[in-house]
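# Reading the structure
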Amino acid sequence: MYDPVQLRTFLTVAQTLSFTQASARLGVRQSTVSQHVRRLEEATGRPLFVRDTHSVGLTEDGEALLGFARTILEAHERAAAFFTGTRLRGRLRFGASEDFVLTRLPEILEGFRHEHPEVDLELSVELSGILHERLDEGRLDLVLAKRRGPGDERGRLVWRDRMVWIGAEGLRVDPERPVPLIVFPPPGITRARALEVLEREGRAWRIACTSGSLSGLIAAARAGLGVMAHTRGLIPPGLVRVGGLPELGPVEFALLQGGRPTPASEALAAAVLAGGDRLSRPA
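Keep in mind the model is a prediction, meaning the values are calculated, not measured.

Okay, the environment of Gln21 next. Within the secondary structure, Gln21 sits in helix H2 (residues 19–26). Considering only alpha carbons, one finds Gln21 and Arg156, 135 residues apart in sequence, at a separation of 9.4 Å. Apart from residues no more than four positions distant in its own chain, Gln21 is found in contact with Thr16, Leu157 and Arg160.

Below, the discussion takes up helix H3 (residues 30–44). Taking 1.5 Å of rise per residue, the 15 residues of H3 would be expected to cover 21 Å, and the 21 Å separating its terminal C-alpha atoms lies within 8% of that figure. Listed in full, the buried residues belonging to H3 are Val33, His36, Val37, Leu40 and Glu41. An end-on view of H3 places all buried positions within 135° of arc, on one side of the element. Exposed residues pointing more than 90 degrees away from the buried face of H3 are listed as Ser31 and Glu42. Backbone geometry just downstream of H3 places Gly45 in the positive-phi region, at approximately 75°.

Going through the model one piece at a time under the given rule, you end up with five aromatic pairs. Taken together, a centroid distance of 5.5 Å and an interplanar angle of 50° make the contact between Phe10 and Phe49 tilted. One end of the pair, Phe10, is in helix H1 (residues 4–16); the other, Phe49, is in strand E1 (residues 49–51), with 39 residues separating them in the sequence. Residue Phe49 is classed as buried on the basis of its relative accessible area, which comes to 5%. Considering the side-chain rings of Trp159 and Phe253, the 5.2 Å spacing of their centres and the 15° angle between planes classify their relative orientation as stacked. Of this pair, Trp159 sits in strand E6 (residues 156–168) while Phe253 sits in strand E11 (residues 250–257), and the two are 94 residues apart along the sequence.

Conventions used here
- Residues numbered from 1 in each chain as written.
- Predicted model: local features only at pLDDT ≥ 70, side-chain atom pairs only at ≥ 80, totals over all residues.
- Heavy atoms only, no water.
- Helix = DSSP H or I, 4+ residues; strand = E, 2+ residues; numbered from the N terminus.
- Contact = heavy atoms within 4.5 Å.
- Expected span 1.5 Å × (residues − 1).
- Buried < 20%, exposed > 50% of the residue type's maximum accessible area, 1.4 Å probe, protein only.
- Arc of directions from axis to C-beta.
- Phe/Tyr/Trp six-rings, centres within 6.5 Å; stacked < 30°, edge-to-face > 60°.

Read these as geometric descriptors, not functional statements.
Quick look at the structure:
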């Protein structure tokens, strides 16, 4: 009833919230993306996206289809792997941004390990800036991390969101005093964005807490020590958005290959791209 090609297109649009970005990632024309979505909407009998000239969003039925689409595609890929008899082997060094520690990325990796038990998967969880450096140095094969900023189009876009200020419930930032910041150490990309935005707006700031671990930052924020820049869709429990501060702008997460792609790295990249909507949901 549902064409896997159309389902894959649907998932890609749902992850990027952009028909243009989806067409670029899939390597097809934008008109083809629109055609796939339209035919899928005809097959389901329901509208899947709300669209205007500036934005794309999922309808309730589109949200419902996400899980079904992922399950159908995973079954399709397992069947294809079984009947082609391919067995992937070798070492695969994968780096993931710490943003995804509390999401469902472990489920994606568990499924990959189950499908490809002979691949030696080595996982590194670090700041996005450090992952970019290690990839450039040839110390990682595949990286899932924030793009460095506007104009950075390296890799395949997995997910787009916005960055927001978060802190403990009830926290108020005094406009007459320096903004108390909870930040990763350099070369943290969110740290750089926060400082750049505040300085551009002429807002004074001070570092209230620095930690190399996300759990350390979250603990400091829950204690009310200050505010931190964070991805809107990944706000940890116990923290809320804080107003009265400059807009932080969009953030994009991408998959980047180091050197020549291997069958193992391409298989993991396909698994991450297929499950990209899970990355915007807490575990």
